[in-house]
Amino acid sequence: MYYSRVTNGQVQVVAYAQGDVTGDGVIDQVYLTGIQTPDSPFIQNITLVVQDGSTGFMSSVALSDNTGYDPTLFLGDFTGNGVDDIFISINTGGSGAIMYHFIYSYLDNKAQLLFDFNVYNEQYQYEVTYQDYYKVEVISLINNTKYIIDLSTRDSDYLNEIYDENGLLFSPISGFVNPLSGLYPVDFNSDGVYELLAYQKIAGRYNADSLGYVLNTLGWNGQNFGLENQNVAIWGTAND
């Protein structure tokens, strides 16, 4: 059994899970190791370590983005081959609630990166534009799909800063969609194979001006995680 003592400035185990990730039917040990900053929960040099349950052989993978808080592991089959894959999540601690996410296959003790949050963020781009008459248009570029968010229920102070008494914009305003802030394994089909549910916050004039979330469902298509469904979730208001 691999272990690491918790010592200031030294490598330690920061997350642990077990399952058959090599595909030989024997349970393997999966770890994230890292170096915790003294007197802080911040962890550096986060590394994936796998110990083969059959041979005891140990190997490691250096993550491209390897610092943050509260790293976690989840093992599950994302590709449909009946073998657990390794899902890694790391909280950046930033104000935008941005997360790092990776999924690795470790079949036959060979690491293959199946999902990289950086690639996702590059592919999933959006345009957010305020419109006259208390509307915001959100366009998802990857699938050329448009959504309209109704601002008319927002408080008058908010609206009066943006619109005149006729509901026309004082000046053009563009919002934005944050990078990936949450990625969750969900077996939507109850077939033992996990899909991914991705959350990205839609922001208006500034990050705290939240307008809703883009929710993307991704599924493995044999080569990568492709977009299967997309929705925009908005905040509700009290029904007085």
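Parameters and conventions
- Residues numbered from 1 in each chain as written.
- Predicted model: local features only at pLDDT ≥ 70, side-chain atom pairs only at ≥ 80, totals over all residues.
- Heavy atoms only, no water.
- Pairing = 2+ DSSP bridges.
- Helix = DSSP H or I, 4+ residues; strand = E, 2+ residues; numbered from the N terminus.
- Axes fitted to C-alpha atoms, helices over the stretch in contact; angles between N-to-C directions.
- Contact = heavy atoms within 4.5 Å.
- Buried < 20%, exposed > 50% of the residue type's maximum accessible area, 1.4 Å probe, protein only.

- As recorded by an unreviewed UniProt entry, the chain carries the name VCBS repeat-containing protein and is attributed to Alkalihalophilus sp. As8PL.

Things to note about the sheet that holds strand β8 (residues 112–116)
- Spatial strand order, β5-β6-β7-β8: 4 strands in an open sheet with antiparallel pairing. Only two strands of the sheet have a single neighbouring strand rather than two, namely β5 (69–76) and β8. Between one strand axis and the next, the sheet turns by 20° as a mean value, whatever way the strands run.
- Pairing of strand β6 (residues 85–91) with strand β7 (residues 99–105) involves 6 bridges; the strand directions are antiparallel. Bridge pairing links Ile 88 to Phe 102 in β7.

A look at the side chain of Glu 195
- By the element assignment, Glu 195 lies in strand β14 (residues 195–203).
- In contact with Glu 195, other than residues within four places in its own chain, are Phe 78, Tyr 184, Pro 185, Val 186, Asp 187, Phe 188, Asn 189, Thr 217, Leu 218, Gly 219 and Glu 228.

Points about the pairing of β14
- Among the 9 residues that make up β14, 8 are buried, leaving the element largely enclosed by the rest of the structure.
- Of the pairings in the sheet, the one linking strand β12 (residues 176–177) to β14 comprises 2 bridges and is antiparallel in character. Paired with Phe 176 across the strands is Ala 203, a residue of β14.
- Here strand β13 (residues 182–186) runs beside β14; their pairing, made up of 5 bridges, is antiparallel. Directly across from Leu 183, in β14, lies its bridge partner Ala 198.
- Both β14 and strand β15 (residues 210–220) contribute to a ladder of 8 bridges, which runs antiparallel. Along β15, the bridge assignment pairs Ala 198 with Asn 216.
- Taking the residues between adjacent antiparallel strands as the criterion, β14 and β15 are bridged by 6 residues.

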